[in-house]
Amino acid sequence: KNQVEQSPQSLIILEGKNCTLQCNYTVSPFSNLRWYKQDTGRGPVSLTIMTFSENTKSNGRYTATLDADTKQSSLHITASQLSDSASYICVVSAYQAGTALIFGKGTTLSVSS
Amino acid sequence: NAGVTQTPKFQVLKTGQSMTLQCAQDMNHNSMYWYRQDPGMGLRLIYYSASEGTTDKGEVPNGYNVSRLNKREFSLRLESAAPSQTSVYFCASSISIAGGNNEQFFGPGTRLTVL
């Protein structure tokens, strides 16, 4: 069964600190993996997309990594800011008929001053 | 460009009432989607439309119907609302449903409470 598991479920860090969010998936055949950021009361917004051949991709202070062999991805946030407080959702796409996006349940990050 | 817009933003219904959630996109996307988001459950796909004129069931279609009115608009109808349908509903669109063009752009959501 195609699944996406994220950890931790929630995380609290101090402003300025770094953090890493994890995503493990069992989706096959794999097409791509996206990280979305969802602010409270808003819809999700895509941060990065990674295909099978990509190991690392950055978007400002956000760096995503992908290990297709172990089926793991991480999202590293550097020098966190209060505005980083949000839910981060890992979404994996499979090659198959119809829409094939499998959503993780998200990690809720709280950045405090 | 407004992106993806949804109406209404908030709605309270009584059990058994019906209503239609409206969604429109101005990005000329082919594919559109309806999701519901419940605490601890993540986003779950209700229905999607790969292209104008087609609709398909997602993970949780029971109790819902959809209409792809044209390329821009995709509506979600609750015929007889139940408390279990209390949720936040998101509409999304993408260039296509497959490959690198499947980045989905989400609307702001509709917060629905069924009493």
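Residues numbered from 1 in each chain as written. Chains lettered and ligands numbered in written order. Predicted model: local features only at pLDDT ≥ 70, side-chain atom pairs only at ≥ 80, totals over all residues. Heavy atoms only, no water.

### What to know about the overall build of chain A
The condition is simple: Each helix is a run of H or I in the DSSP string that is no shorter than four residues. Each strand is a run of E no shorter than two, and both are numbered from the N terminus. The globule rule used here is 2.2 Å times the number of residues to the 0.38 power, and the radius of gyration it is set against is calculated over C-alpha atoms. Contacts are assigned to residue pairs that have any heavy atoms within 4.5 Å of one another. Areas reported here follow the Shrake-Rupley algorithm with a probe of radius 1.4 Å; residue values treat only the protein chains shown as occluding. The charge count includes Lys and Arg as positive and Asp and Glu as negative, but it does not include His or the ends of the chains. Taken as the charge location is NZ of Lys, CZ of Arg, CG of Asp or CD of Glu.
Within chain A one finds 0 helices and 11 strands. Traced from its N-terminal end to its C-terminal end, chain A shows the element sequence β-β-β-β-β-β-β-β-β-β-β. Against the 2.2 N^0.38 benchmark of 13 Å for 113 residues, chain A shows a C-alpha radius of gyration of 14 Å, consistent with a compact globule. Each principal axis of the C-alpha atoms in chain A carries an extent, and together these give about 45 × 30 × 20 Å. Within chain A, counting contacts between residues at least 6 apart in sequence, those at least 24 apart form 56% of the total. Only carbon and sulfur atoms are counted for the fraction: they give 48% of the accessible area of chain A, which is about 5500 Å². Positive and negative charge centroids in chain A, built from 9 and 7 side chains respectively, lie 5 Å apart.

### Here we look at the environment of Trp-35 of chain A
Structurally, Trp-35 of chain A is set in strand S4 (residues 30-38). The sequence separation of Trp-35 of chain A and Val-45 of chain A amounts to 10 residues, and the corresponding C-alpha distance is 8.5 Å.

### As for the interface of chain A and chain B
When the parts of a complex come together, some accessible area is lost, and that lost area is often used as the size of the interface. Convention followed: What gets called buried area is simply the loss in accessible area from a 1.4 Å probe that two parts show on being joined, summed for both. What makes a salt bridge here is a side-chain nitrogen of Lys or Arg within 4 Å of a carboxyl oxygen of Asp or Glu, nothing more.
Taken residue by residue, the interface counts 19 residues in chain A and 20 residues in chain B. Both sides together, the interface formed by chain A and chain B hides about 1500 Å², and carbon and sulfur atoms give 54% of it. If you look at where chain A meets chain B, you find 1 salt bridge. Residue Glu-103 of chain B is joined to Arg-34 of chain A by a salt bridge in which the shortest nitrogen-to-oxygen separation is 3.9 Å.

### Points about the pattern of salt bridges
All names here are of chain B. What counts here: Classification of residues uses two cut-offs on accessible area relative to the type maximum, computed with a 1.4 Å probe and protein chains only: under 20% is buried, over 50% is exposed, and between them is partly exposed.
The tally for this structure, following the rule as stated, stands at 7 salt bridges over all chains. Arg-44 is paired through a salt bridge with Asp-38; the nearest N and O atoms lie 2.8 Å apart. Note on accessibility: Arg-44 and Asp-38 belong to one class, buried. With a shortest N-O distance of 3.2 Å, Arg-77 and Glu-79 are connected by a salt bridge. Taking the relative accessible area as the measure of exposure, Arg-77 reaches 29% and is therefore partly exposed. Looking at Glu-79, the relative accessible area reads 43%, which means it is partly exposed.

Remember, this is a structural readout, not a statement about activity or role.
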